[in-house]
Amino acid sequence: MQLSRLVGALAVILAFWSTAALAAATINGTVTYRERIGLPPNAWLRVTLVDLSTMTPVVGASAGIPAKGQVPIRFVLNVEAQLDDAAGAYGLAAEISSADQVLFRSSAPYPVALGHDMPTAITVYPVPKQALPPEPPIPTAPAELVNTLWTVTSIGGRPVTGSRAPTLSIAADNRAGGFGGCNNYFTEASFEGTKLHFGPAAATRMACEASVTELETDYFTALSAVAFYELDGPALRLLDAAGIPLIGLVRPSE
């Protein structure tokens, strides 16, 4: 009884290995194209074994090599996967790319016979260059905010006093700047609906009284925390992310 079971188990194993082979294939060949053009220095060839019954790549059966020199480009593909020895079960697909752009690609997998040393000659064809999608337009400053020199009246809820208050102007191309209380400054605004943000302010380096320098520091700090704006007639309020007023401004009277 035990002998018969052993014979049966051996028969199953032999039947399995008669239909499948593990890591049993080395495929070599060439890839070429008909166009008389050279490849970029960073061109790359990738050859992949494909299961023709499902048209899916075989796991562990792909190789990439630098595509240098003239065509035909030679390749060797060492397959490490469980494969079916049936004729016509597999094909090779190839593509040549450069800088994430596919330049050439085979039109369909080329059938290969596993276990045979016959080189596979693959022809690839040009792939039309895909146009990049247009970049979305950058939101620009609302018309009611531009071409105005706004005067700061409060920072953090405290009124601004002194002979020269900070100012803010925003151009139609989102460039912004003005007078900080001691120095002239420059920054960039970005809009999205009522959302408003300012980039880091670059300022001149004038020396001023301590109280004036402190005012300017408070202003630049508040400007960097702006997240929204509210416009109410001649008044402009710059708010933080929680909706708390940071900076109050007014437009010049007519």
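The structure reproduced in this document is the subject of the present report. (Residues numbered from 1 in each chain as written. Predicted model: local features only at pLDDT ≥ 70, side-chain atom pairs only at ≥ 80, totals over all residues. Heavy atoms only, no water.)

1. Focus: the overall build of the protein
For clarity, the threshold we go by: We count a stretch as a helix when DSSP gives it H or I for four or more residues in a row; a strand needs E for two or more, and each element gets its number in order from the N terminus. Areas reported here follow the Shrake-Rupley algorithm with a probe of radius 1.4 Å; residue values treat only the protein chains shown as occluding.
A count of helical and extended segments in the protein gives two helices and 21 strands. Carbon together with sulfur atoms contributes 59% to the accessible area of the protein, which is approximately 15,800 Å² in total.

2. Details of the pattern of salt bridges
Where we set the bar: In what follows, salt bridge is the name for a side-chain nitrogen of Lys or Arg lying within 4 Å of a carboxyl oxygen of Asp or Glu.
Scanning the model with the defined rule gives four salt bridges in all. Measuring nitrogen to oxygen at the nearest pair gives 3.2 Å for the salt bridge that ties Glu95 to Arg105. Taken together, the residues span a long stretch of sequence, with Glu95 in strand 7 (residues 90-98) and Arg105 in strand 8 (residues 101-105) at a distance of ten residues.

3. Concerning the nonpolar core
Put simply, the test is: In this description, a nonpolar core means a group of buried Ala, Val, Leu, Ile, Met, Phe, Trp, Tyr and Cys residues linked to one another through side-chain atoms lying within 4.5 Å. A 1.4 Å probe rolled over the protein chains alone gives each residue an accessible area, and that area as a share of the maximum for its type sets the label: buried under 20%, exposed over 50%, partly exposed in between. In this description, contact between two residues means that some pair of their heavy atoms is separated by no more than 4.5 Å.
By size, the foremost hydrophobic cluster in this structure holds 27 residues, and its most contacted members are Val31, Leu45, Leu49, Leu92 and Ile96. Among the secondary structure elements, those contributing two or more residues to this core are strand 2 (25-32), strand 3 (44-51), strand 4 (56-66), strand 5 (73-79) and strand 7. Not counting the four nearest positions on each side in its chain, Leu45 is found in contact with Val31, Ala63, Gly64, Ile65, Ala67, Ile73, Phe75, Ala94, Glu95 and Ile96. Grouped together as the second largest cluster of nonpolar side chains are 26 residues, Leu145, Val152, Leu238 and Leu246 included.

4. As for the pairing of strand 4
The cut-off we apply is this: We treat two strands as partners when DSSP finds at least two bridges between them.
By the bridge criterion, seven bridges tie strand 3 to strand 4 in an arrangement that is antiparallel. Within strand 4, the residue paired with Arg46 across the bridge is Gly64.

5. Describing the sheet that holds strand 5
Using the following cut-off: Lines fitted to C-alpha atoms define the axes, with helix axes restricted to the stretch in contact, and inter-axis angles between N-to-C directions lie between 0 and 180 degrees.
The mixed open sheet is built from three strands, whose spatial order is 5-2-10. A single partner strand is all that each edge strand has here, and the edge strands are strand 5 and strand 10 (120-123). When strand polarity is set aside, the average angle formed by the axes of neighbouring strands in this sheet is 30°.

6. Overview of helix 2 (residues 210-224)
So the rule is basically this: Take the number of residues in a helix, subtract one, and multiply by 1.5 Å to get its expected span. Summarising the geometry, the arc corresponds to the directions from the helix axis toward the C-beta atoms.
Taking 1.5 Å per residue as the helical rise, helix 2 with its 15 residues ought to reach 21 Å, and the 21 Å between its terminal C-alpha atoms agrees with that figure. Every buried residue of helix 2 is accounted for by Glu216, Tyr219, Phe220, Ala222 and Leu223. Buried positions in helix 2, seen along its axis, are confined to an arc of 165° and lie on one side of it. Structural note: helix 2 exposes Ala210, Glu214 and Ser224 on the side pointing more than 90 degrees away from its buried face.

7. Regarding the environment of Met206
The topology assignment puts Met206 in the loop between strand 18 (202-203) and helix 2. For Met206, a relative accessible area of 57% translates into the label exposed. Sequence spacing of Met206 and Asn183 is 23 residues, and the spatial spacing of their C-alpha atoms is 5.9 Å. Residues in contact with Met206, not counting those within four places in the same chain, are Cys182 and Asn183.

8. Quick notes on the state of the cysteines
To keep it simple, the criterion reads: Count a disulfide wherever a pair of cysteine sulfur atoms falls within 2.5 Å.
This structure, assessed with the given rule, holds one disulfide. Disulfide pairing is shown between Cys182 and Cys208; the S-S distance is 1.8 Å. Taking the torsion about the S-S bond as the criterion, the Cys182 to Cys208 disulfide, at about 85°, is right-handed. Within this pair, whereas Cys182 is found in the loop between strand 15 (175-179) and strand 16 (184-192), its partner Cys208 is found in the loop between strand 18 and helix 2, the two being separated by 26 residues in sequence.

9. Side note on the environment of Ala172
As for its placement among the helices and strands, Ala172 is situated in the loop between strand 14 (167-170) and strand 15. Sequence separation between Ala172 and Pro142 is 30 residues, and the spatial gap between their C-alpha atoms is 7.9 Å.

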